[in-house]
Amino acid sequence: MSNAIQSGQFDLLKHTQIIPFSMGNSRKKNNASKRQELKESIKASGGVNQPVLVRPSSQEGVYELIAGYGRYESCVDLDFDVPAYIKDLSDREAFEAQLAENLIRDDLSLVDEAKAAQTYLALSEGDYATASSKLGWSKKKLEDRINLNRCSERVLEALSDDKIQLGHAVILSSFTENLQNGTLDKILSENWSVKYLKERAGKAKKFLHTAKFDTTSCNTCPNNTSHQIGMFDMGADEKAQCAKLTCWKEKTNEWLNSQKLIAEEKYGKVLLYVECGEKDRNTVSETAVGKEQFNTGCIGCESNVVLLDDRDGRQGQLIESQCIDQVCFKKCQKKLVDTAKQDLNNDSANAKKSNKNPSTKTPEKSISQKTPSAVIDNEKALLHGLGEKHASTQEWFIHGFMIASISTTTGYTPSYCDKKDTFEQRVLKAKEQPFESIQLEIDKAIKNCVKVNAKAVDERFVMNSKSLMINALALLANANELAIAAWQPTEEILKAYTSEGIKSLCKEANFDKAFDSAPINIDKKTTFSKLSNKSKGDFIKGILAFEFDWSSFAPSTLLKHLNK
């Protein structure tokens, strides 16, 4: 058996040819009784009727299991061959295929759904609408499952094992982790009902000195126990508490929302702690992915998010540098390991050749970041304008546009084009053709369309002017120079970046070094590090106020549009 089997083909594999999916199984627990039923059914049938989903692995004749773990494990136990559907999938496609297969099962527990909700929300970069659509759930169901993750692991385990009801878990989710676990012990040992737990929770209070929000208005509130303390002479050292936790929760959420807005201004994408599980994110750093990748790829990436802790007792704490693109993170780590191995091999080889000559290190290569969409829009708008100004006046572009228009409306395909070429491709291919050839093709197109037996063309005219003009600009010899000359760090341009993105941009342009070495900043003991730690608005003002020559610089992300 070899991996030469075509993608999309069914085949019968030995179970020893199948290995677990490299990104793990999204399903944490299985229903033991149903798993046994499945195995008995497979045994009685003499094999599996529905094939598992696999993809080729890096090992010859070995395949990664994407979906169908129950069927596969039953075949292992029974020593049966495994019918498999072999499909060439990317990591992201495979991961989502596995999740989808698991989520349509009837025996998926609430806890499994809660964890899957976090995973899909991370895959969708915090977008509830996208995650809901992928899951086929309503937004409310997604939010309910997300909120279930506020429960401690012990509470979730008890819910998964049917030791407590959903109502217990929902009530416990508003407590601190320690209080959840302590109350869980009481529920289990004393058999508390959901109704009784709700009554107990309704009598709970919060110490006002622990509040995150401004408690000024609480001083005159009748639910402030300080009034009771004075009334019944309970002692001056008794600390005031809030006896209306619905109000407490509402004010805390308002405070959290304000903190999220502040964090988003500085960091960009901010997710609540409950929205992203530990298994759905990785801490990204120079050590984890390499200095080059971290500084040029990860810092300004949309998948590099900050978590705002919303757990009771920990509200407002920030967890920075969290990568929610597991596929990209693993590739970055693999790249770092491969580079280190190659460097080690080079060192060994060079040492054998000569102890005098230093080894040549293989430079790290940055994996393209997910640039914020607002930045990309600004960059493409700039290049579109340059293309309109400099490329649309070129003779080859005018001729190319003419022949592309005529060939589209007449159905005639120029000799230097393929029938499947888009309008844009037909325009751009004209650059290498002499005018005489273009004119000849135009004549042929016209003659072809006026023939007696000419067929009517029912083809829709489709053109993306932005893409056309950017790609036409890219064909000009001085495209990079034009882009560099046109780019300027205006307030509008810089606002599209996160604070970390702006910092990375300044370092790429060596603005930070120029700022730190300026005599006026040295005298004032003002550094780029201090400037970058200010609010985003003040950071931008400081950059624009400093005299720096940007004329020979443009962001590498901008130039990538021209150098694909």
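In what follows, the structure referred to is the one given above.
Residues numbered from 1 in each chain as written. Predicted model: local features only at pLDDT ≥ 70, side-chain atom pairs only at ≥ 80, totals over all residues. Heavy atoms only, no water.

Draft legend 1. Summary view of unusual backbone geometry. Located in the positive-phi region is asparagine 191, a residue other than glycine, with phi close to 55°. Considering the arrangement of structural elements, one finds asparagine 191 in the loop between helix H9 (177–190) and helix H10 (194–202). In the Ramachandran plot, lysine 525 falls in the positive-phi region, its phi being about 55° despite a non-glycine side chain. Looking at where lysine 525 falls in the secondary structure, it is placed in the loop between helix H25 (519–524) and helix H26 (528–532). (Helix = DSSP H or I, 4+ residues; strand = E, 2+ residues; numbered from the N terminus.)

Draft legend 2. Focus on the sheet that holds strand E4 (residues 63–67). Across the sheet, five strands lie side by side as E1-E5-E3-E4-E2; this open sheet has mixed pairing. What marks the edges here is a single partner per strand, and that holds for strand E1 (9–13) and strand E2 (18–20). Taking each pair of neighbouring strands and ignoring which way they run, the sheet shows an average axis angle of 45°. Sheet analysis places E1 next to strand E5 (residues 82–86), joined by five bridges and oriented antiparallel. Paired with glutamine 9 across the two strands is isoleucine 86, which belongs to E5. This element, helix H2 (residues 69–78), spans E2, strand E3 (52–56), E4 and E5 of the sheet and lies at about 130° to E4. (Pairing = 2+ DSSP bridges. Axes fitted to C-alpha atoms, helices over the stretch in contact; angles between N-to-C directions. Contact = heavy atoms within 4.5 Å.)

Draft legend 3. Representation of the environment of tyrosine 497. Tracing the backbone shows tyrosine 497 in the loop between helix H22 (491–495) and helix H23 (499–508). For the pair tyrosine 497 and lysine 266, spaced 231 residues apart in the sequence, the C-alpha separation amounts to 9.3 Å. Those residues in contact with tyrosine 497, other than ones at most four positions away along the chain, are Val375, Glu379, Ile502, Leu505, Lys536, Pro555 and Thr557.

Draft legend 4. Quick look at the packing of aromatic side chains. Tallied over the entire structure, the rule returns 17 aromatic pairs. Between tryptophan 396 and phenylalanine 397 the ring centres are 5.9 Å apart and the planes differ by 80°, which places this aromatic pair in the edge-to-face class. Accessibility classification places tryptophan 396 together with phenylalanine 397 in one group, the buried group. Every member of this aromatic cluster is reached through a ring pair, and the members are Trp487, Phe511, Phe515, Phe528, Phe539, Phe546, Phe548, Trp550 and Phe553. In this structure, arginine 311 packs its charged tip against the face of tyrosine 273, placed 3.7 Å from the ring centre. (Phe/Tyr/Trp six-rings, centres within 6.5 Å; stacked < 30°, edge-to-face > 60°. Buried < 20%, exposed > 50% of the residue type's maximum accessible area, 1.4 Å probe, protein only. Lys NZ or Arg CZ within 6 Å of the ring centre and 35° of its normal.)

Draft legend 5. Quick look at the state of the cysteines. Taken as a whole and judged by the stated rule, the model has zero disulfides. The thiol of cysteine 332 is not disulfide-bonded; the next cysteine sulfur, from cysteine 328, is found 4.1 Å away. Residue classification places cysteine 332 among the buried residues on the basis of a relative accessible area of 4%. (Disulfide = S-S within 2.5 Å.)

Draft legend 6. Highlighting the nonpolar core. Ile18, Phe21, Val54, Leu65, Leu142 and Ile146 are the most contacted members of the largest nonpolar core, which totals 50 residues. By residue number, the principal contributor to this core is helix H12 (residues 245–267), which donates five residues. When residues no more than four places from it in sequence are discounted, the contact partners of phenylalanine 21 are Arg55, Glu64, Leu65, Ile66, Tyr69, Asp91, Ala94, Phe95 and Gln98. Residues Val375, Leu428, Trp550 and Leu558 belong to the second largest nonpolar core, which totals 43 residues. (Core = buried A, V, L, I, M, F, W, Y, C linked by side-chain atoms within 4.5 Å.)

Draft legend 7. Looking closely at the side chain of asparagine 304. Along the polypeptide, asparagine 304 turns up in strand E10 (residues 304–308). With relative accessibility at 14%, the residue asparagine 304 sits in the buried group. Among the polar contacts listed, one links the side chain of asparagine 304 to the backbone nitrogen of glutamine 322, at a separation of 3.5 Å. Beyond its immediate sequence surroundings of up to four residues, asparagine 304 is in contact with Val284, Cys298, Ile299, Ser321 and Gln322. (Polar contact = N/O pair within 3.5 Å; in protein donor to acceptor, adjacent residues only side chain to side chain.)

Draft legend 8. Summary view of the pairing of E4. With respect to burial, E4 is a largely interior element, five of its five residues being buried. Judged from the four bridges that link them, E3 and E4 form a sheet pairing that is antiparallel. Opposite leucine 53, over in E4, you have alanine 67 as the bridge partner. Hairpin geometry of E3 and E4 is characterised by an intervening segment of six residues between the two adjacent antiparallel strands and by a positive phi of about 75° at glycine 61.

Draft legend 9. A look at the sheet that holds strand E9 (residues 282–283). Spatial ordering of the open sheet is given by E8-E10-E11-E9, a layout of four strands whose pairing is mixed. The open sheet terminates on both sides in strands that have one partner only, identified here as strand E8 (270–272) and E9. With two bridges joining them, E9 and strand E11 (residues 318–323) adopt antiparallel strand pairing. Within the sheet, the bridge partner assigned to asparagine 282 lies in E11 and is cysteine 323. The strands that H12 touches are E8, E10 and E11; relative to E10, the one it contacts most, it runs at about 160°.

Draft legend 10. Looking closely at the pattern of salt bridges. This model, assessed by the stated rule, comprises 21 salt bridges. A salt bridge links arginine 150 to aspartate 310; the shortest N-O distance between them is 2.6 Å. Of this pair, arginine 150 sits in the loop between helix H6 (139–148) and helix H7 (153–160) while aspartate 310 sits in the loop between E10 and E11, and the two are 160 residues apart along the sequence. Residue classification places arginine 150 among the partly exposed positions, given a relative accessible area of 28%. For aspartate 310, a relative accessible area of 8% corresponds to the buried category. One salt bridge in this structure joins arginine 154 and aspartate 185, with 2.7 Å as the shortest N-O distance. In this pair, arginine 154 is assigned in helix H7 and aspartate 185 in helix H9, connecting sequence segments 31 residues apart. Taken together, the shared-partner salt bridges connect Arg55, Glu64 and Asp91 into one network. (Salt bridge = Lys/Arg side-chain N within 4 Å of Asp/Glu carboxyl O.)

Draft legend 11. Quick look at the environment of asparagine 181. In this fold, asparagine 181 is placed in helix H9. Setting aside anything within four residues of it in sequence, one finds asparagine 181 in contact with Ser152, Arg154 and Val155.

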